[in-house]
Structures are given as structure tokens and as C-alpha cells.
Amino acid sequence: MLNSANKVVTPKTVVFDLGKVLVDFDYGIAARRIAARGKMTLLEIAQYINQSPLFLQYESGAVTTPQFFTEICRVTGFRGDLAEFSRCFADIFVTIEPMVQLQAALRERGLTTYVFSNTNELAVQHIRQNFPFYGNFDGYVLSYQHGAMKPDARLYEVVERECARQGAEILYLDDRPENVAAGAARGWQVVLQETPEKSRDAVQRLGLLNHD
């Protein structure tokens, strides 16, 4: 929901989380593909994806893509090359069309829009190559490029520098309460994404879609 303290201010920049806001994903798809080309069972790989610190290290930029791939091969016995692994690991996304349309509508009305995501290089490469909407933002703040992950305040500071906005001039949409709370603590206007319809209604109430 919107934080109420700053509702009178019209945002100038809208910041979107990526996963579960603009695109949905299922790492179970990746687990099945990796299991088919390795020595671990599907359950073992799924648990590894969910529990291993390696994935957090990858998304925070502590390990590179080649290092990540090497470690995955060592643990799972994956037999393909990096190109095959990239397809197995990253081709797990589908667009959330109402949110993509919302971003396009806001951009048409002259607002700047940014992607702000905990993510990794392989995922971003895949999305950039396969989802045209991804190229329609004014900037991108991605965890693996900055050595920090949401809700770390350092990453929110990067957003403010990139968009040259602060406080209630920023509207932020994210599906994780702790990430939204970190934005609200900086005075940002925030929307906790529960459904695309609720998010659009929240943006509508701010007066950003009044000409629809």
C-alpha cells in the first residue's frame, strides 16, 4: 500500500523492482534442466538453489559468472558449457503484462522510470535479449553491479544518485515488504506489489494516470 505521509507530492520518477513485479519467474524450471544434465536429483538441486549462499554471492557481485558456473558444475555435475547453462538457468521468466503496460503508460506521461533489482548477470542478459520492454527505462540499478543487495541502504542511495531525485519525488514498487520499508524510511512513496491491479490502482490514486 502507499505510505500516507507523502501522498500530496506527485512523484517525478517511478522505480520498479524486476522479479515478481515486471516479470515472473520459476527457478524450478532451471532445477529440472540442470538435473537432466548433471548428477544430482531434482530435489537436491532445488534445495541447493534455495539454500546455498552461492546464489546470494552471485547476486551481490561477490562471484563472477565464470566462477558461479564453475562452482555449479563442481557441485551438480552439470555437463554442458556456459552457453547451455545460461539457457538452462536464465530462461525462466515471463512478463507480467499489466505491469509492463503500466510502465509504458507512465513513460508516455513524461515520468522517468528505473529498474531496481536484486539480480544477476545471466538473468539480466536473458531479459535484455528477449524482452523488448526492458530497454524502455531511463536507468538500471542492479545488485550484482554495485556489491550490495536490497534492503541495504547503499543501493537505495545509488537509485537517488542515478535519478537525481529524493524523498517523495520517487515512487517505488516492490513485492517484498522489507524492500518497500527501506524505501519508505527514505521518504519515498511506496507500493507493495500484491497484484498488478492493486498496484495500478495505487498509481492511479496518485494522479499519474488521470488521462486514461
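Refer to the structure printed above.
Remember, predicted model here, so these are calculated numbers, not experimental data.

**Q** For helix 6 (residues 97–108), give the residues involved together with the corresponding values.
**A** Structural remark: α-helix, 3.6 residues per turn; residues separated by three or four positions point the same way. Taking 1.5 Å of rise per residue, the 12 residues of helix 6 would be expected to cover 16 Å, and the 16 Å separating its terminal C-alpha atoms lies within 8% of that figure. Among all positions of helix 6, only Met 99, Val 100, Leu 102, Gln 103, Ala 105 and Leu 106 are buried. Buried-residue contacts for helix 6 involve strand 1 (13–16), strand 3 (93–95), strand 4 (112–117), strand 6 (170–174) and helix 11 (196–205). Downstream of helix 6 by one or two residues, Gly 110 has phi in the positive range, about 90°.

**Q** Please provide a residue-by-residue account of the pattern of salt bridges, values included.
**A** Under the definition given, this model contains 11 salt bridges. One salt bridge connects Glu 84 with Arg 37, and the closest N-O pair in it is separated by 2.7 Å. Of this pair, Glu 84 sits in helix 5 (residues 82–90) while Arg 37 sits in the loop between helix 1 (27–36) and helix 2 (42–51), and the two are 47 residues apart along the sequence. Residue Lys 150 pairs with Asp 174 through a salt bridge whose shortest N-O separation is 2.8 Å. Residue Lys 150 is found in the loop between helix 8 (143–146) and helix 9 (153–163), and its partner Asp 174 is found in strand 6; the two are separated by 24 residues along the sequence. Several salt bridges converge on common partners, so that one network encompasses Asp 17, Lys 150 and Asp 174.

**Q** Which residues make up the side chain of Thr 119, and what are the values?
**A** Here Thr 119 lies in the loop between strand 4 and helix 7 (121–130). Thr 119 gets classed as buried once you look at its relative accessible area, which sits at 5%. Among all residues touching Thr 119, those that are not within four sequence positions of it are Glu 59, Val 124, Leu 142, Ser 143 and Tyr 144.

Calculation criteria
Residues numbered from 1 in each chain as written. Predicted model: local features only at pLDDT ≥ 70, side-chain atom pairs only at ≥ 80, totals over all residues. Heavy atoms only, no water. Helix = DSSP H or I, 4+ residues; strand = E, 2+ residues; numbered from the N terminus. Expected span 1.5 Å × (residues − 1). Buried < 20%, exposed > 50% of the residue type's maximum accessible area, 1.4 Å probe, protein only. Contact = heavy atoms within 4.5 Å. Salt bridge = Lys/Arg side-chain N within 4 Å of Asp/Glu carboxyl O.

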